[in-house]
Amino acid sequence: MRSAPTILHLDMDAFYAAAEQAAKPSLRGKAVVVGGLGPRGVVATASYEARRFGVHSAMPMAQARRLAPNAAYLVPRFSLYRSVSEHVMELLGRLSPLVEPLSLDEAFVDLEAGGAADDSASARATGERLRADIRAMTGLTGSVGLAGSKMLAKIASEQAKPDGLVLIEPGTERELLGPLSVRTLPGVGPATGEHLRRAGMTTVADLAEAGEDELVRLLGRAHGTALFRMALGHDDRPVVAERDAKSVSVEDTFDVDLHDRVRVRIEVERLAERCVQRLRAGGHSGRTIVLKVRRYDFSTLTRSETLRGPTDDPAVVREAAGRLLESVDTTGGVRLLGVGVTGLADYTQEDLFAQAAAEEAAASSAASSVEAGEPPEGAEREEAPVEPGPAGPIARHWSAGQDVRHAVYGAGWVQGSGVGRVTVRFEEPGSAPGRVRTFRVDDEDLQPSDPLPLVPAVSPRTDASGEEAVASGGPAAGAEGPLPETVASGEPAPRAGGPGRDAAASDGAATGPPHAIARPGPEAPGAPPPGAAEGSASVPGGDEHRVAPST
């Protein structure tokens, strides 16, 4: 434990949802849920407005839709989140060389190592300045915890949410921790918490009073000793700037269980390719290939194979994952597949036998082609003329929350799509809530786009004023403003003259006859016109909902 609160923990507030609210002015102050929109999707982040309805991270998306049917349900835009995270980590790096990122939106900082703080007053000033700089650079808010240890700094940042700062003075740790739930301490999950509850321990003070011997008896020496020390507020873990990755993995949950063995094999090979891409992006190779299969009954099977040396060859990983799949019974269906690589290294020692077999197979194939009278690879072939056939239409899929750009109306985002139509709200991070227009899904003037920056490029302030810096960079994520009565919900709209459909039937699907979108007629003030794509909204003073001509 340190004698000064010089360990800082930053946690951005409802990061994904806040970034979406900052990018989409019409959603500010509204319930926003980000995650997988399929029937088996999971909530990644919910805005504080959505949390009032009981929606939280890791909740099944179907349950979230039942709790908050009028929220905006959006797909994640990780390119935007990574960009914002880089700006935030850059600010943290200016405070100290010891920055330990935990995720895109969370990190520890050792302020003492960078000379940014050496007592409570300087630590508080640094924390407040950091919060203001983050708001100026990204338009978002973050909560800061300051304490003499990593455990207490993280607890402080949780108490500071949203958009606050809490500093725990050294010497007050036990007083602060005493009334908190045992689940507050790191390493105490649902199972351990229930075990302690049955033993009559529900608060941190109960753990401290029970003593080390009793906790060792209940939980074992390693866990019991560590838990007792944390209950007393002791945590000597240092801030580590470089955290070595232990594994790289990717997995997919399917909307419908996979029963076809060939399809399962194809998905495993695809996941192996993606895993190797992530492996190479991190400059690593790996020695152990791991396959994860979750079956229809939620039983999870894991198989692994250790190679003679580390590799980053996609063919080697793909073949190893395929061999592991052969030992798994997929009868009944598969709901999730995953491929991972562990035993990471910074060099490769390729599987020479696999490479030799591949070269031998290629040579054998070439020889067979020559014997059959076919020219070898690379030789000129005389091709028969092929008459071009009519090109079939290319289906275009638009996801709720996706960035788009129209040749006439500019930048916007998808509110919903279906029945051959896509509804787009045209607005930018620094603009007022924009107008809504509906197009055919194959409109050539409408194209996918990259996310726009949340605020214009500005230098973070270094003085104590700085209110103008935030205002000039556009409104913050939580800013209020004139908003339409209804926002993009991502929910299927009810059919004209009939009941609504199940939310799982179509993510962001529009309903109603297509021709009804442009039908004139009396409408209630502020209500979307008949047949509009789901989640669409009328903006006060805006144009009426209509279909733009397709080119």
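Residues numbered from 1 in each chain as written. Predicted model: local features only at pLDDT ≥ 70, side-chain atom pairs only at ≥ 80, totals over all residues. Heavy atoms only, no water.

### Points about the overall build of the protein chain
Quick reminder of the rule: Only DSSP runs of H or I covering at least 4 residues are called helices, and only runs of E covering at least 2 are called strands; the numbering of each starts at the N terminus. When checking whether two residues touch, look at their non-hydrogen atoms; a contact exists if any pair is within 4.5 Å. Here, Shrake-Rupley sampling with a 1.4 Å probe gives the accessible areas, and only protein chains in the shown set may cover a residue.
Within the protein chain, the regular secondary structure consists of 15 helices and 17 strands. Long-range pairs, those at least 24 residues apart, make up 65% of the contacts in the protein chain with a sequence separation of at least 6. Looking at the protein chain as shown, the accessible area adds up to about 27,000 Å², and 52% of this sits on carbon and sulfur atoms.

### A few points about helix 11 (residues 221-231)
For clarity, the threshold we go by: Here the term buried applies to any residue with accessible area under 20% of the maximum for its type, exposed to any over 50%, and partly exposed to those in between, with areas from a 1.4 Å probe on protein chains only. Throughout, the arc means the angular range of directions from the helix axis out to the C-beta atoms.
The complete set of buried residues in helix 11 reads Gly 224, Leu 227, Phe 228, Met 230 and Ala 231. Projected down its long axis, helix 11 carries its buried residues within an arc of 165°, all on one side. What points out from helix 11, more than 90 degrees from its buried face, is the exposed set Arg 221 and Ala 222. Positive phi appears at Gly 233, one or two residues downstream of helix 11, with a value of about 90°.

### Observations concerning the confidence of the model for the protein chain
Put simply, the rule reads: Values of pLDDT, the confidence the predictor places in each residue, fall between 0 and 100.
Per-residue confidence for the protein chain averages 80 on the pLDDT scale, and 74% of its residues sit at or above 70. Within the model, pLDDT remains below 50 along residues 375-389, and this stretch shows one contact once partners closer than five positions in the same chain are excluded. Here residues 460-551 scores under 50 on pLDDT; set against residues more than four positions off or in separate chains, the count is 181 contacts.

### Digging into the sheet that holds strand 6 (residues 106-110)
As a reminder of what qualifies: Should DSSP find at least two bridges between two strands, the strands are regarded as paired. Orientation is described by lines fitted to C-alpha atoms, with helices fitted over the stretch in contact, and by angles between N-to-C directions that extend from 0 to 180 degrees.
The strand order 5-6-1-7-8 describes an open sheet built from five strands, whose pairing is mixed. Unpaired on one side and paired on the other, strand 5 (99-103) and strand 8 (165-167) mark the two borders of the sheet. When strand polarity is set aside, the average angle formed by the axes of neighbouring strands in this sheet is 15°. In the sheet, strand 1 (residues 7-12) pairs with strand 6 via five bridges, with the strands oriented antiparallel. Within the sheet, the bridge partner assigned to Ile 7 lies in strand 6 and is Asp 110. Those strands touched by helix 4 (residues 78-95) are strand 1, strand 5 and strand 6, and its axis lies near 10° from that of strand 6.

### A short note on the sheet that holds strand 12 (residues 334-345)
Overall, antiparallel pairing links the four strands, which are arranged 9-12-10-11 in an open sheet. Lying at the two open borders of the sheet, with one neighbouring strand each, are strand 9 (247-258) and strand 11 (300-311). Ignoring which end each strand starts from, the neighbouring axes of this sheet average 10° apart. Where strand 10 (residues 285-295) meets strand 11, eight bridges bridge the pair, whose relative direction is antiparallel. By the bridge assignment, Arg 294 is partnered in strand 11 with Thr 300. Helix-sheet contacts for helix 12 (residues 261-281) involve strand 9, strand 10, strand 11 and strand 12, and the interaxial angle to strand 9 is about 150°.

### Examining the layout of surface pockets
Quick reminder of the rule: Throughout, the protein atoms alone are placed on a 1 Å grid, and a set of points is a cavity if a 1.4 Å probe fits but cannot get out or a pocket if it is open with protein on both sides within 12 Å along at least five of seven lines; lining residues have an atom within 4 Å of a point. Grid points are joined across faces, edges and corners, and a volume is the space filled by probe spheres set on the points. Put simply, Ala, Val, Leu, Ile, Met, Phe, Trp, Tyr, Cys and Pro go in the nonpolar bin, Asp, Glu, Lys and Arg in the charged bin, and everything else, Gly too, in the polar bin.
By volume, the largest pocket amounts to about 1,000 Å³. Looking at the largest pocket, it is lined by 23 residues, and the ones nearest its centre are Leu 102, Ser 103, Arg 243, Ala 245 and Arg 278. For the lining of the largest pocket, the per-class residue count stands at ten nonpolar, five polar and eight charged.

### Re the packing of aromatic side chains
The criterion, for reference: Each pair of aromatic rings taken from Phe, Tyr and Trp, with Trp reduced to its six-membered ring, is defined by centres within 6.5 Å and is described as stacked if the planes are under 30 degrees apart, edge-to-face if over 60, and tilted in the remaining cases.
Applying the stated criterion across every chain, the model contains eight aromatic pairs. Taking 4.3 Å as the distance between ring centres and 5° as the angle between the ring planes, the aromatic pair formed by Tyr 16 and Tyr 81 counts as stacked. Of the two residues, Tyr 16 sits in helix 1 (residues 15-23) while Tyr 81 sits in helix 4, which places them 65 residues apart along the sequence. What makes Tyr 81 buried here is its relative accessible area of 0%. Ring centres 5.4 Å apart and planes at 45° place the aromatic pair Tyr 409 and Phe 426 in the tilted group. Here the residue Tyr 409 occupies a position in the loop between strand 13 (403-406) and strand 14 (410-418), and Phe 426 occupies one in strand 15 (residues 421-426), the gap between them amounting to 17 residues. Given the relative accessible area of 31%, Tyr 409 is considered partly exposed.

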